[in-house]
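# Analysis of the macromolecular model
Residues per chain are reported as follows:
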Amino acid sequence: MTTVSAVKLIQPGEIQSMPADDTPLLVYPNVADLYKDRSTRFAQLAKDHDLADWLQFCAQLTAAQATAISEIDAGEVLEENFVRESLKHGVPPLSVSTWKAGEDWQKALQAFITAYEKQEVQEPVKKVFAEFKKADAAELAKQAQAYLTLDEAEVKPEWAPFISAVLQLIWSKRAAAMTHAKIYSGENSLCPVCGSHPVTSVVRVGDRDSHRYLICSLCSSEWYGPRARCTNCDTPKEVTMLGETRESLVQGECCDDCGGYLKLMFQSRDPMMDPVADDLATIQLDMALEKEGFQRTGRNLFLMAIAQSEKTDT
Ligand SMILES: [Zn+2]
Ligand SMILES: [Zn+2]
């Protein structure tokens, strides 16, 4: 069992504000590499891991996403003005709440299954695909919509990872096509592009060195989040960093005010890290943090049980 200890306590005076220079506040995903890199990372993390089978399954799931992404339709190009106004007023231009699963969903689901079947398909997965093929299209579409809006009770648990994978394909492709407007004033607890929860947050390297971004669990856009500040509520108090060791790649950024925590990953500690894969590989940290009385505020679409617990904070 993993235990955690406080590795750093940040005082209110050290809380960061938004950057004054030209550091980007919103970064759309690069779908050409996103799923390929994620699949590689899952496979790497699966080695000698307690959850090896599951992480290996996730590696397959994301490998199918990597193959299918080029087949996904990016949808209508949104008007520059519309995107600009939406972002300015804090309304996600690709909002999940207004989406109705239509032809985009059908086509993406088909592309995903075709891509997955190019790999060696395990029996339980074959069974799910057979169910998908027999399922009523309207019922499947309803489950996809329900999963997006956190109505998880409506979704068959064994279908959820596949439905998630397809939804991520649709949204990341649409977000990646939004190369125009990047107006965004910052300080959102939900994705400014689609309105979904963050999966985790990452302190980046390279041209965004030392800046922290929240990573969207659905569309993979990244938005700026000042460090050392709770991403769930606007408390001006200090947050506590809890982790296995001071040097651990993944820490929990915990807030005593709202009792929430979001994981924080330091890319400088492992350039291969992936927000989704490394989140799932550190479930032990979640269990330890929950034992300390903190509630997870991030959502990982491949994991139903954890997402369930933060249904109340939307
Ligand atoms: Zn998003
Ligand atoms: Zn808080």
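Residues numbered from 1 in each chain as written. Chains lettered and ligands numbered in written order. Predicted model: local features only at pLDDT ≥ 70, side-chain atom pairs only at ≥ 80, totals over all residues. Heavy atoms only, no water.

Here the focus is the layout of surface pockets. The volume enclosed by the largest pocket comes to roughly 440 Å³. In terms of lining, the largest pocket is formed by 19 residues, of which the most central are L34, D37, R204, E222 and D274. For the lining of the largest pocket, the leading source of residues is helix α1 (residues 31–46), giving four residues. Its residues placed into classes, the lining of the largest pocket shows nine nonpolar, three polar and seven charged. Each of domain 1 (5–24 + 186–313) and domain 2 (31–176) gives at least three residues to the lining of the largest pocket. In this structure, the second largest pocket spans a volume of roughly 300 Å³. (1 Å grid on protein atoms, 1.4 Å probe; cavity = no way out; pocket = protein on both sides within 12 Å on 5 of 7 lines; lining within 4 Å. Points joined across faces, edges and corners; volume = space filled by probe spheres on them. Helix = DSSP H or I, 4+ residues; strand = E, 2+ residues; numbered from the N terminus. Nonpolar A, V, L, I, M, F, W, Y, C, P; charged D, E, K, R; others polar. Domains from an automatic or database assignment.)

We now examine the coordination of the zinc ion (ligand 2). Each protein donor to the zinc ion (ligand 2) is listed here as C230 (SG), C233 (SG), C255 (SG) and C258 (SG); together their distances run 2.2 to 2.3 Å. One can describe the site at the zinc ion (ligand 2) as tetrahedral: its four donor atoms subtend angles covering 107 to 112° at the metal. Mapped onto the sequence, the donors of the zinc ion (ligand 2) take the spacing C-x2-C-x21-C-x2-C. With C230 in the loop between β5 (222–224) and β6 (239–243) and C255 in strand β7 (residues 250–255), this residue pair connects regions lying 25 residues apart in the sequence. (Donors = N, O, S within 2.8 Å, 3.2 Å for Na, K, Ca; no water. Tetrahedral: all angles 85-135°; square planar, octahedral: opposite > 155°, others 65-115°.)

Moving on to the side chain of S221. With respect to the secondary-structure elements, S221 resides in the loop between β4 (212–216) and β5. By relative accessible area, S221 is classed as buried at 0%. Residues contacting S221, with those up to four places away along its chain left out, are L26, V27, Y28, P29, A175, C191, V193, L214, I215 and C216. (Buried < 20%, exposed > 50% of the residue type's maximum accessible area, 1.4 Å probe, protein only. Contact = heavy atoms within 4.5 Å.)

Along its 12 residues, helix α5 (residues 123–134) runs 17 Å from first to last C-alpha, staying within 8% of the 16 Å computed at 1.5 Å per residue. Residues V125, V128, F129 and F132 constitute the buried set of α5. What you see down the axis of α5 is that its buried residues fit within an arc of 100°, all on one side. In α5, the exposed positions that point more than 90 degrees away from the buried face belong to E123, P124, K127, K133 and K134. Check the buried side of α5 and you find it contacts α2 (52–68), α4 (103–116), α6 (137–148) and α7 (160–176). (Expected span 1.5 Å × (residues − 1). Arc of directions from axis to C-beta.)

A negative phi angle is the norm for most residues apart from glycine, just as the trans form is the norm for most peptide bonds. Positive phi values are uncommon outside glycine, yet L150 reaches one of about 70°. Tracing the backbone shows L150 in the loop between α6 and α7. Phi angles above zero are rare outside glycine, and S220 is one such case at about 70°. The buried category is assigned to S220, whose relative accessible area is 7%.

The next thing to look at is the coordination of the zinc ion (ligand 1). Taken together, the protein ligands of the zinc ion (ligand 1) are C191 (SG), C194 (SG), C216 (SG) and C219 (SG), with distances of 2.3 to 2.4 Å. Of note is the zinc ion (ligand 1), whose four donor atoms meet at the metal with angles of 98 to 121° in an arrangement that counts as tetrahedral. Sequence positions of the donors to the zinc ion (ligand 1) reduce to the motif C-x2-C-x21-C-x2-C. Note that C194 is positioned in the loop between α7 and β3 (198–203) and C216 in strand β4, a separation of 22 residues in sequence. The exposure classification of C194 matches that of C216, with both residues buried.

What follows is about the domain arrangement of the chain. What the domain assignment reports for the chain is domain 1 (5–24 + 186–313) and domain 2 (31–176). For domain 1 versus domain 2, the distance between C-alpha centres works out to 22 Å. On the side of domain 2, 39 residues touch domain 1, which itself brings 33 residues to the contact. Of the roughly 2,800 Å² buried where domain 1 meets domain 2, counting both sides, 62% is carbon and sulfur surface. Area buried by domain 1 at its contact with domain 2 is led by L218, F302 and M304, which between them contribute 25% of it. Counting across the domain 1 and domain 2 interface gives four salt bridges. With a shortest N-O distance of 3.1 Å, R41 and D270 are connected by a salt bridge. In this assembly, domain 1 and domain 2 are joined by 11 residue pairs in polar contact (both at pLDDT 80 or more). Its residues assigned to classes, the side of domain 1 that touches domain 2 shows 19 nonpolar, eight polar and six charged. (Buried area = accessible area lost by both parts, 1.4 Å probe. Salt bridge = Lys/Arg side-chain N within 4 Å of Asp/Glu carboxyl O. Polar contact = N/O pair within 3.5 Å; in protein donor to acceptor, adjacent residues only side chain to side chain.)

On the secondary structure map, D207 appears in the loop between β3 and β4. Spatially, the C-alpha atom of D207 lies 30 Å from that of D73, the residues being 134 residues apart in sequence.

This brings us to the pairing of β4. In regular strands, side chains alternate between the two faces of the sheet. Within β4, five of the five residues are buried, which leaves the element mostly enclosed by the surrounding structure. Side chains of β4 alternate between two faces, with R212, L214 and C216 and Y213 and I215 buried alike. Note that β3 and β4 share five bridges and pair antiparallel. Across the sheet, V202 pairs through a bridge with Y213, a residue of β4. Bridging between β4 and β5 involves three bridges; their strand directions are antiparallel. From the neighbouring strand, L214 faces β5, where its bridge partner is W223. Between β4 and β5, which pair antiparallel and follow one another directly, the connecting turn spans five residues, one of which, S220, has a positive phi of 70°. (Pairing = 2+ DSSP bridges.)

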